Amino acid sequence: MVAFMELADVVYALLPSLLMFFAVSLGASSLERFVKNYARGKFEIERLAQEAENMREKLVGLSGEHNALFEEKAALELKLQEKQSAYGEKLAKEIEFSDPNNIVIYEIGIPRPRQMGWYIKAIGPEMHEMFSGPGSTVCPFPGRRAARLIIWGNEDEEMARLRSKKVFGALSEIMVIRRFDGKLRMSDV
């Protein structure tokens, strides 16, 4: 009987713990609901969850706007690059026009009052003084250069023969020949 009493003592000792465990397991779901409701009321979890969702939606919208702005920026940069290259080309032409080598013209003869001259663009051998001086420029033909020159004091008949032959000296060809009144056109420079 001593062993039975010991078992009964053990059951009596464990019974309150077992009852409490049983009560807690039955009330756990209601206790969980109570804690959830308390936390929702106290910390406003649903409102915070809704705000987090709203922020996610705003971020998606902002990323779409960011991508659109990024594409617009790329298009504007391309236009800027095109305009900068056009500006660079115009600046290079301006520098070319302001270069004294492009303005200097080789002159033959002496200008006299009320006398017209002749403006000539010719291509000739680069070893000749006229085609190697400051009034000359590069030419697509190897060993030759283009030059601008003014001839003063020649008669119209002589210039008509020069115009018809299209040759100015040995190995030289005339590209343009016209009357010259002392003023250069932009196309002549």
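Check the entry above for the structure.
Computed from a prediction, not measured in an experiment: that's the story for all the values here.

A. Focus on the overall build of the protein. Looking only at helices and strands, one finds 5 helices and 5 strands in the protein. For the protein, the sequential pattern of α-helices and β-strands runs α-α-α-β-β-α-β-β-α-β. Burial statistics for the protein: of 189 residues in total, 17% are counted as buried. The contacts in the protein between residues at least 6 apart in sequence include a share of 62% that link residues at least 24 apart. Accessible area for the protein stands at about 15000 Å²; split by element, carbon and sulfur atoms hold 63% of it.

B. Structural context of the nonpolar core. Trp118, Ile120, Ala122, Met130, Phe131, Ala147, Leu149, Ile151, Met159, Leu162, Ile174 and Ile177 together form the largest nonpolar core, which totals 12 residues. Those elements giving two or more residues to this core turn out to be strand E2 (117-125), helix H4 (129-132), strand E4 (144-152), helix H5 (156-165) and strand E5 (173-180). If we skip the residues at most four places from it in the chain, Phe131 touches Ala122, Ile123, Gly124, Pro125, Glu126, Ser136, Arg145, Ala146, Ala147 and Ser172. Membership of the second largest hydrophobic core comes to 5 residues, among which are Ile105, Tyr119, Ile150 and Phe180.

Rules behind the numbers
- Sequence order as written defines the numbering, with residues in each chain counted from 1.
- Given that this is a predicted model, residues contribute local features only at a pLDDT of at least 70 and side-chain atom pairs are listed and counted only at 80 or more, while totals for whole chains, interfaces and linings are drawn from all residues.
- Remark: hydrogens and water are excluded; side-chain values derive from all non-hydrogen atoms of the structure.
- Only DSSP runs of H or I with at least four residues qualify as helices, and only runs of E with at least two residues qualify as strands; both kinds are numbered from the N terminus onward.
- Working definition: with a 1.4 Å probe on protein chains only, accessible area under 20% of the residue-type maximum means buried, over 50% means exposed, and in between means partly exposed.
- Residues are treated as being in contact if the distance between any of their heavy atoms lies within 4.5 Å.
- Computed with the Shrake-Rupley method and a 1.4 Å probe, the accessible areas treat only the protein chains shown as cover for residues.
- Residues belong to one nonpolar core when they are buried, are Ala, Val, Leu, Ile, Met, Phe, Trp, Tyr or Cys, and are joined through side-chain atoms within 4.5 Å.

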